[in-house]
Amino acid sequence: MVLQDLSARNRRKLERERTDAADDVHLNDTPSYGGSTSIEVSSFVSPRAARPRILVINDDARTRETVVDYLDDHDMRAEPVSSRDDLARHCGRSEPDLVILDKGLGDENVLDLLRRIRSRSDVPVIMITNDRCDETDRAIVLELGADDCVTKPFGLRELLARVRAVLRRRETARLAPPRDPARGRCRFGGWQLDRRSRRLTNPDGAPVALTKGEYALLIAFLNAPQRPLTREHLLQAIRVHEDVFDRSIDVQILRLRRKLEADPSAPRIIQTERGVGYVFALPVELQ
(Lines give C-alpha, C1' and ligand atoms only; values in the text may rest on other atoms or scores of the structure.)
Protein backbone atom coordinates (compact mmCIF):
# COMPACT_ATOMS: atom_id res chain seq x y z
CA MET A 1 0.00 0.00 0.00
CA VAL A 2 2.84 2.40 0.80
CA LEU A 3 4.50 1.79 -2.54
CA GLN A 4 1.27 2.50 -4.36
CA ASP A 5 1.04 5.91 -2.72
CA LEU A 6 4.49 7.00 -3.86
CA SER A 7 4.97 9.28 -6.83
CA ALA A 8 6.27 7.87 -10.11
CA ARG A 9 9.63 9.43 -9.46
CA ASN A 10 10.00 7.89 -6.04
CA ARG A 11 8.99 4.49 -7.38
CA ARG A 12 11.69 4.71 -10.03
CA LYS A 13 14.26 5.70 -7.41
CA LEU A 14 13.32 2.77 -5.19
CA GLU A 15 13.50 0.31 -8.05
CA ARG A 16 16.84 1.79 -9.12
CA GLU A 17 18.32 1.46 -5.65
CA ARG A 18 17.11 -2.12 -5.30
CA THR A 19 18.44 -3.16 -8.68
CA ASP A 20 21.75 -1.35 -8.26
CA ALA A 21 22.27 -2.99 -4.89
CA ALA A 22 21.61 -6.38 -6.46
CA ASP A 23 24.05 -5.58 -9.27
CA ASP A 24 26.86 -4.59 -6.91
CA VAL A 25 27.12 -7.76 -4.79
CA HIS A 26 25.57 -11.14 -4.26
CA LEU A 27 25.62 -13.56 -1.37
CA ASN A 28 27.78 -16.61 -1.82
CA ASP A 29 26.10 -19.46 0.03
CA THR A 30 29.33 -21.41 0.25
CA PRO A 31 30.87 -20.84 3.71
CA SER A 32 34.32 -19.29 3.82
CA TYR A 33 37.22 -20.88 5.68
CA GLY A 34 36.27 -18.86 8.71
CA GLY A 35 32.85 -20.49 8.69
CA SER A 36 30.88 -17.29 7.96
CA THR A 37 28.97 -16.44 4.80
CA SER A 38 31.14 -14.33 2.48
CA ILE A 39 30.04 -11.47 0.22
CA GLU A 40 31.79 -11.11 -3.11
CA VAL A 41 31.42 -9.10 -6.30
CA SER A 42 29.17 -10.99 -8.67
CA SER A 43 30.64 -12.48 -11.80
CA PHE A 44 27.21 -12.28 -13.38
CA VAL A 45 26.84 -9.17 -15.54
CA SER A 46 23.20 -8.13 -15.62
CA PRO A 47 21.75 -5.74 -18.21
CA ARG A 48 21.58 -2.93 -15.63
CA ALA A 49 25.17 -3.54 -14.48
CA ALA A 50 26.24 -3.00 -18.09
CA ARG A 51 24.66 0.47 -18.18
CA PRO A 52 27.17 3.35 -18.23
CA ARG A 53 27.54 5.03 -14.84
CA ILE A 54 27.04 8.79 -15.03
CA LEU A 55 27.66 11.29 -12.22
CA VAL A 56 25.43 14.38 -12.39
CA ILE A 57 27.06 17.20 -10.40
CA ASN A 58 24.70 20.05 -9.61
CA ASP A 59 23.75 21.75 -6.34
CA ASP A 60 20.22 22.48 -7.58
CA ALA A 61 18.05 19.54 -6.50
CA ARG A 62 15.30 20.03 -9.09
CA THR A 63 17.63 20.21 -12.07
CA ARG A 64 19.78 17.38 -10.74
CA GLU A 65 16.87 15.00 -10.25
CA THR A 66 15.35 15.88 -13.64
CA VAL A 67 18.58 14.99 -15.44
CA VAL A 68 19.12 11.86 -13.33
CA ASP A 69 15.60 10.56 -13.95
CA TYR A 70 15.79 11.22 -17.68
CA LEU A 71 19.14 9.46 -18.11
CA ASP A 72 18.00 6.57 -15.92
CA ASP A 73 14.94 6.14 -18.11
CA HIS A 74 17.25 5.85 -21.14
CA ASP A 75 19.51 2.99 -20.00
CA MET A 76 22.00 5.08 -18.06
CA ARG A 77 22.93 4.50 -14.43
CA ALA A 78 22.78 8.13 -13.32
CA GLU A 79 23.84 9.13 -9.82
CA PRO A 80 23.25 12.60 -8.30
CA VAL A 81 26.13 14.47 -6.66
CA SER A 82 25.38 17.53 -4.53
CA SER A 83 28.40 17.87 -2.25
CA ARG A 84 32.11 17.14 -1.98
CA ASP A 85 31.37 14.22 0.32
CA ASP A 86 28.97 12.86 -2.29
CA LEU A 87 31.63 13.16 -4.98
CA ALA A 88 34.27 11.45 -2.84
CA ARG A 89 31.87 8.62 -1.98
CA HIS A 90 30.80 8.00 -5.57
CA CYS A 91 34.34 8.15 -6.95
CA GLY A 92 35.61 5.99 -4.08
CA ARG A 93 33.40 3.10 -5.24
CA SER A 94 34.76 3.08 -8.78
CA GLU A 95 35.51 5.55 -11.53
CA PRO A 96 32.36 6.65 -13.38
CA ASP A 97 32.03 6.34 -17.14
CA LEU A 98 31.18 10.03 -17.54
CA VAL A 99 30.60 13.19 -15.50
CA ILE A 100 28.03 15.88 -16.25
CA LEU A 101 29.27 19.02 -14.54
CA ASP A 102 26.82 21.88 -14.13
CA LYS A 103 27.85 23.82 -11.04
CA GLY A 104 30.60 23.83 -8.45
CA LEU A 105 30.28 22.33 -4.99
CA GLY A 106 30.40 24.52 -1.89
CA ASP A 107 33.00 27.26 -2.28
CA GLU A 108 34.72 25.47 -5.17
CA ASN A 109 33.68 26.99 -8.50
CA VAL A 110 32.94 24.87 -11.52
CA LEU A 111 36.26 25.52 -13.30
CA ASP A 112 38.27 24.60 -10.20
CA LEU A 113 36.22 21.44 -9.88
CA LEU A 114 36.89 20.60 -13.53
CA ARG A 115 40.62 21.11 -12.96
CA ARG A 116 40.52 18.84 -9.91
CA ILE A 117 38.67 16.09 -11.76
CA ARG A 118 41.00 16.30 -14.74
CA SER A 119 44.15 16.29 -12.57
CA ARG A 120 43.10 12.96 -11.06
CA SER A 121 41.32 11.18 -13.89
CA ASP A 122 40.73 11.12 -17.63
CA VAL A 123 37.01 10.37 -17.17
CA PRO A 124 34.98 12.14 -19.89
CA VAL A 125 33.36 15.38 -18.72
CA ILE A 126 30.44 17.25 -20.29
CA MET A 127 30.24 20.81 -19.01
CA ILE A 128 26.96 22.70 -18.89
CA THR A 129 27.38 26.47 -19.21
CA ASN A 130 24.87 29.28 -18.85
CA ASP A 131 23.64 31.47 -21.70
CA ARG A 132 25.94 34.32 -20.62
CA CYS A 133 29.06 32.35 -21.56
CA ASP A 134 30.71 33.67 -24.70
CA GLU A 135 33.11 31.99 -27.12
CA THR A 136 36.10 32.67 -24.86
CA ASP A 137 34.41 31.06 -21.86
CA ARG A 138 33.53 27.95 -23.85
CA ALA A 139 37.04 27.76 -25.23
CA ILE A 140 38.48 27.87 -21.70
CA VAL A 141 36.17 25.04 -20.63
CA LEU A 142 37.36 22.84 -23.50
CA GLU A 143 41.01 23.73 -23.01
CA LEU A 144 40.76 22.81 -19.32
CA GLY A 145 39.83 19.30 -20.38
CA ALA A 146 36.06 19.08 -20.89
CA ASP A 147 35.11 16.69 -23.68
CA ASP A 148 31.99 18.60 -24.67
CA CYS A 149 30.10 21.73 -23.74
CA VAL A 150 26.31 22.28 -23.59
CA THR A 151 24.82 25.77 -23.26
CA LYS A 152 21.66 26.52 -21.30
CA PRO A 153 18.84 26.35 -22.08
CA PHE A 154 19.19 22.87 -23.54
CA GLY A 155 16.89 19.95 -24.22
CA LEU A 156 17.26 16.66 -22.38
CA ARG A 157 17.21 14.84 -25.69
CA GLU A 158 20.22 16.85 -26.88
CA LEU A 159 22.06 16.16 -23.62
CA LEU A 160 21.39 12.43 -23.98
CA ALA A 161 22.69 12.48 -27.56
CA ARG A 162 25.88 14.23 -26.47
CA VAL A 163 26.38 11.76 -23.61
CA ARG A 164 26.03 8.84 -26.01
CA ALA A 165 28.40 10.45 -28.51
CA VAL A 166 31.12 11.03 -25.89
CA LEU A 167 30.73 7.49 -24.53
CA ARG A 168 30.88 6.09 -28.06
CA ARG A 169 34.14 7.91 -28.80
CA ARG A 170 35.53 6.77 -25.47
CA GLU A 171 34.68 3.13 -26.14
CA THR A 172 36.11 3.28 -29.65
CA ALA A 173 39.38 4.68 -28.31
CA ARG A 174 39.49 2.08 -25.53
CA LEU A 175 39.05 -0.86 -27.89
CA ALA A 176 41.48 0.42 -30.52
CA PRO A 177 44.86 -1.36 -30.44
CA PRO A 178 47.76 0.85 -29.31
CA ARG A 179 49.57 2.42 -32.22
CA ASP A 180 52.17 5.07 -32.88
CA PRO A 181 50.14 7.59 -34.91
CA ALA A 182 53.25 9.56 -35.87
CA ARG A 183 54.51 6.57 -37.87
CA GLY A 184 51.34 5.12 -39.35
CA ARG A 185 48.53 5.89 -41.76
CA CYS A 186 45.31 7.74 -41.12
CA ARG A 187 42.19 6.98 -43.14
CA PHE A 188 39.05 9.13 -43.19
CA GLY A 189 36.18 9.14 -45.66
CA GLY A 190 38.24 7.40 -48.37
CA TRP A 191 41.21 9.73 -47.88
CA GLN A 192 44.56 8.45 -46.62
CA LEU A 193 47.47 10.27 -45.00
CA ASP A 194 50.81 8.51 -44.64
CA ARG A 195 52.45 10.31 -41.76
CA ARG A 196 55.88 8.85 -42.44
CA SER A 197 56.05 10.22 -45.96
CA ARG A 198 53.58 13.09 -45.34
CA ARG A 199 51.70 11.98 -48.43
CA LEU A 200 47.97 12.65 -48.71
CA THR A 201 45.86 10.79 -51.28
CA ASN A 202 42.21 11.43 -52.15
CA PRO A 203 39.51 8.71 -52.44
CA ASP A 204 40.57 8.15 -56.09
CA GLY A 205 44.17 7.49 -55.03
CA ALA A 206 45.52 10.73 -56.48
CA PRO A 207 48.12 12.63 -54.39
CA VAL A 208 47.16 16.01 -52.96
CA ALA A 209 49.96 18.45 -52.12
CA LEU A 210 49.92 20.18 -48.73
CA THR A 211 51.97 23.08 -47.43
CA LYS A 212 53.64 22.66 -44.05
CA GLY A 213 50.92 24.76 -42.45
CA GLU A 214 48.10 22.78 -44.07
CA TYR A 215 49.74 19.51 -43.03
CA ALA A 216 50.11 20.71 -39.42
CA LEU A 217 46.47 21.82 -39.38
CA LEU A 218 45.29 18.47 -40.75
CA ILE A 219 47.37 16.61 -38.15
CA ALA A 220 45.78 18.67 -35.37
CA PHE A 221 42.35 17.59 -36.60
CA LEU A 222 43.33 13.94 -37.06
CA ASN A 223 44.68 13.81 -33.50
CA ALA A 224 41.27 14.85 -32.16
CA PRO A 225 38.56 13.71 -34.60
CA GLN A 226 34.92 14.56 -33.87
CA ARG A 227 35.97 16.84 -31.02
CA PRO A 228 35.54 20.63 -31.06
CA LEU A 229 38.87 22.49 -31.27
CA THR A 230 39.25 26.17 -30.55
CA ARG A 231 40.80 28.62 -33.01
CA GLU A 232 43.57 29.28 -30.50
CA HIS A 233 44.44 25.58 -30.30
CA LEU A 234 44.55 25.22 -34.08
CA LEU A 235 46.52 28.41 -34.58
CA GLN A 236 49.11 27.25 -32.05
CA ALA A 237 49.46 23.99 -34.00
CA ILE A 238 50.47 25.79 -37.21
CA ARG A 239 52.48 28.70 -35.77
CA VAL A 240 55.56 26.52 -35.32
CA HIS A 241 56.01 26.36 -39.10
CA GLU A 242 58.02 29.21 -40.53
CA ASP A 243 56.11 29.35 -43.82
CA VAL A 244 52.81 30.21 -42.12
CA PHE A 245 52.52 33.97 -42.46
CA ASP A 246 48.76 34.51 -42.31
CA ARG A 247 47.69 34.60 -38.66
CA SER A 248 44.01 34.09 -39.39
CA ILE A 249 43.03 30.49 -38.68
CA ASP A 250 39.85 30.97 -40.70
CA VAL A 251 41.92 31.58 -43.84
CA GLN A 252 43.99 28.48 -43.15
CA ILE A 253 40.82 26.43 -42.67
CA LEU A 254 39.43 27.71 -45.99
CA ARG A 255 42.62 26.68 -47.80
CA LEU A 256 42.50 23.19 -46.33
CA ARG A 257 38.80 22.86 -47.11
CA ARG A 258 39.48 23.67 -50.76
CA LYS A 259 41.72 20.61 -50.91
CA LEU A 260 39.53 18.21 -48.91
CA GLU A 261 35.93 19.21 -49.54
CA ALA A 262 33.85 18.47 -52.64
CA ASP A 263 32.07 21.77 -51.94
CA PRO A 264 34.06 24.07 -49.62
CA SER A 265 31.01 26.32 -49.19
CA ALA A 266 29.09 23.40 -47.64
CA PRO A 267 31.82 21.51 -45.77
CA ARG A 268 31.21 17.94 -44.59
CA ILE A 269 34.68 17.16 -43.24
CA ILE A 270 35.85 20.28 -41.42
CA GLN A 271 32.76 21.86 -39.91
CA THR A 272 32.31 25.07 -37.97
CA GLU A 273 31.42 24.56 -34.30
CA ARG A 274 29.52 27.72 -33.52
CA GLY A 275 30.90 29.63 -30.56
CA VAL A 276 33.93 27.33 -30.22
CA GLY A 277 35.93 26.83 -33.41
CA TYR A 278 36.01 23.83 -35.72
CA VAL A 279 35.47 20.08 -35.60
CA PHE A 280 36.77 17.30 -37.87
CA ALA A 281 33.46 15.53 -38.46
CA LEU A 282 34.69 12.19 -39.85
CA PRO A 283 35.92 9.25 -37.79
CA VAL A 284 39.63 8.53 -38.25
CA GLU A 285 41.05 5.03 -38.59
CA LEU A 286 44.69 4.46 -37.67
CA GLN A 287 46.64 1.77 -39.52
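Everything below is about the structure printed above this text.
Residues numbered from 1 in each chain as written. Predicted model: local features only at pLDDT ≥ 70, side-chain atom pairs only at ≥ 80, totals over all residues. Heavy atoms only, no water.

Draft legend 1. Spotlight on the overall build of the protein. If you tally the helices and strands in the protein, you get ten helices and 15 strands. Within the protein, buried positions represent 38% of all 287 residues. In the protein, 55% of the contacts between residues at least 6 apart in sequence involve partners at least 24 apart. (Helix = DSSP H or I, 4+ residues; strand = E, 2+ residues; numbered from the N terminus. Buried < 20%, exposed > 50% of the residue type's maximum accessible area, 1.4 Å probe, protein only. Contact = heavy atoms within 4.5 Å.)

Draft legend 2. Highlighting the sheet that holds strand S11 (residues 207-208). Pairing within the open sheet is antiparallel, and its five strands lie in the order S11-S10-S9-S8-S15. Each edge of the open sheet is held by one strand with a lone partner, namely S11 and strand S15 (285-286). Along the sheet, helix H8 (residues 212-222) contacts strand S8 (185-188), strand S9 (191-194) and strand S10 (199-201); its crossing angle with S9, the most-contacted strand, is approximately 110°. (Pairing = 2+ DSSP bridges. Axes fitted to C-alpha atoms, helices over the stretch in contact; angles between N-to-C directions.)

Draft legend 3. Layout of the nonpolar core. If you look at the biggest cluster of nonpolar residues, it comprises 27 residues, and the most contacted ones within it are Leu218, Phe221, Leu234 and Ile270. Listing elements by their share of this core, those giving two or more residues are S8, S9, H8, helix H9 (231-239), helix H10 (249-260) and strand S14 (277-280). Contacts of Ile270, omitting those with residues within four sequence positions, involve Phe221, Ile253, Leu256, Arg257, Leu260, Glu261, Tyr278, Val279 and Phe280. (Core = buried A, V, L, I, M, F, W, Y, C linked by side-chain atoms within 4.5 Å.)

Draft legend 4. Inspection of the packing of aromatic side chains at higher detail. Counted by the stated rule, this structure contains three aromatic pairs. Taking 6.4 Å as the distance between ring centres and 0° as the angle between the ring planes, the aromatic pair formed by Phe188 and Trp191 counts as stacked. The same class applies to Phe188 as to Trp191, namely buried. Grouping aromatic residues by their ring pairs yields a cluster made of Phe188, Trp191, Phe221 and Phe280. (Phe/Tyr/Trp six-rings, centres within 6.5 Å; stacked < 30°, edge-to-face > 60°.)

Draft legend 5. Structural context of the pairing of strand S13 (residues 270-273). Pairing of S13 with S14 involves four bridges; the strand directions are antiparallel. Considered in S14, the bridge of Ile270 is made with Phe280. From the end of S13 to the start of S14, which pair antiparallel, there are three residues, and Gly275 there has a positive phi angle of about 80°.

Draft legend 6. Focus on helix H6 (residues 135-143). Of all the positions in H6, only Arg138, Ala139, Val141 and Leu142 are classed as buried. For H6, the angular spread of the buried residues around the axis is 160°, confining them to a single face. Residues of H6 that are buried make contact with helix H5 (110-120), strand S6 (125-129), strand S7 (148-151) and strand S12 (229-230). In the stretch just after H6, Gly145 is the one whose phi turns positive, near 120°. (Arc of directions from axis to C-beta.)

Draft legend 7. The arrangement of the sheet that holds S13 in detail. Ordered in space as S12-S14-S13, the three strands form an open sheet in which the pairing is antiparallel. In this open sheet, the two edge strands, each paired with only one partner strand, are S12 and S13. Together, S12, S13 and S14 form the strand contacts of H8, whose direction differs from that of S14 by roughly 70°. Packing against the sheet, H10 makes contact with S13 and S14, and its axis sits at approximately 145° to S13.

Draft legend 8. Here's a closer look at the pattern of salt bridges. Scanning the entire structure with this criterion turns up twelve salt bridges. A salt bridge links Asp72 to Arg51, with the shortest nitrogen-to-oxygen separation between them at 3.2 Å. One end of the pair, Asp72, is in helix H3 (residues 61-72); the other, Arg51, is in the loop between strand S2 (37-41) and strand S3 (53-57), with 21 residues separating them in the sequence. Given the relative accessible area of 10%, Asp72 is considered buried. (Salt bridge = Lys/Arg side-chain N within 4 Å of Asp/Glu carboxyl O.)

Draft legend 9. A look at the environment of Phe188. For Phe188, the position within the fold is in strand S8. Linking Phe188 and Ala281, residues 93 residues apart in sequence, is a C-alpha distance of 9.7 Å. If we ignore the near neighbours within four places in the chain, the residues touching Phe188 are Leu200, Leu218, Leu222, Phe280, Leu282, Pro283 and Val284.

Draft legend 10. Representation of the pairing of strand S5 (residues 98-101) within the structure. On S5, burial covers both faces: Leu98 and Ile100 on one face and Val99 and Leu101 on the other are all buried. Taken together, the four bridges between S3 and S5 define a ladder with parallel strand orientation. Its bridge partner being in S5, Ile57 is matched across the sheet by Leu101. Examined bridge by bridge, S5 and S6 share three bridges and lie parallel to one another. Within the sheet, the bridge partner assigned to Val99 lies in S6 and is Val125.

Shape descriptors only; they carry no functional weight alone.
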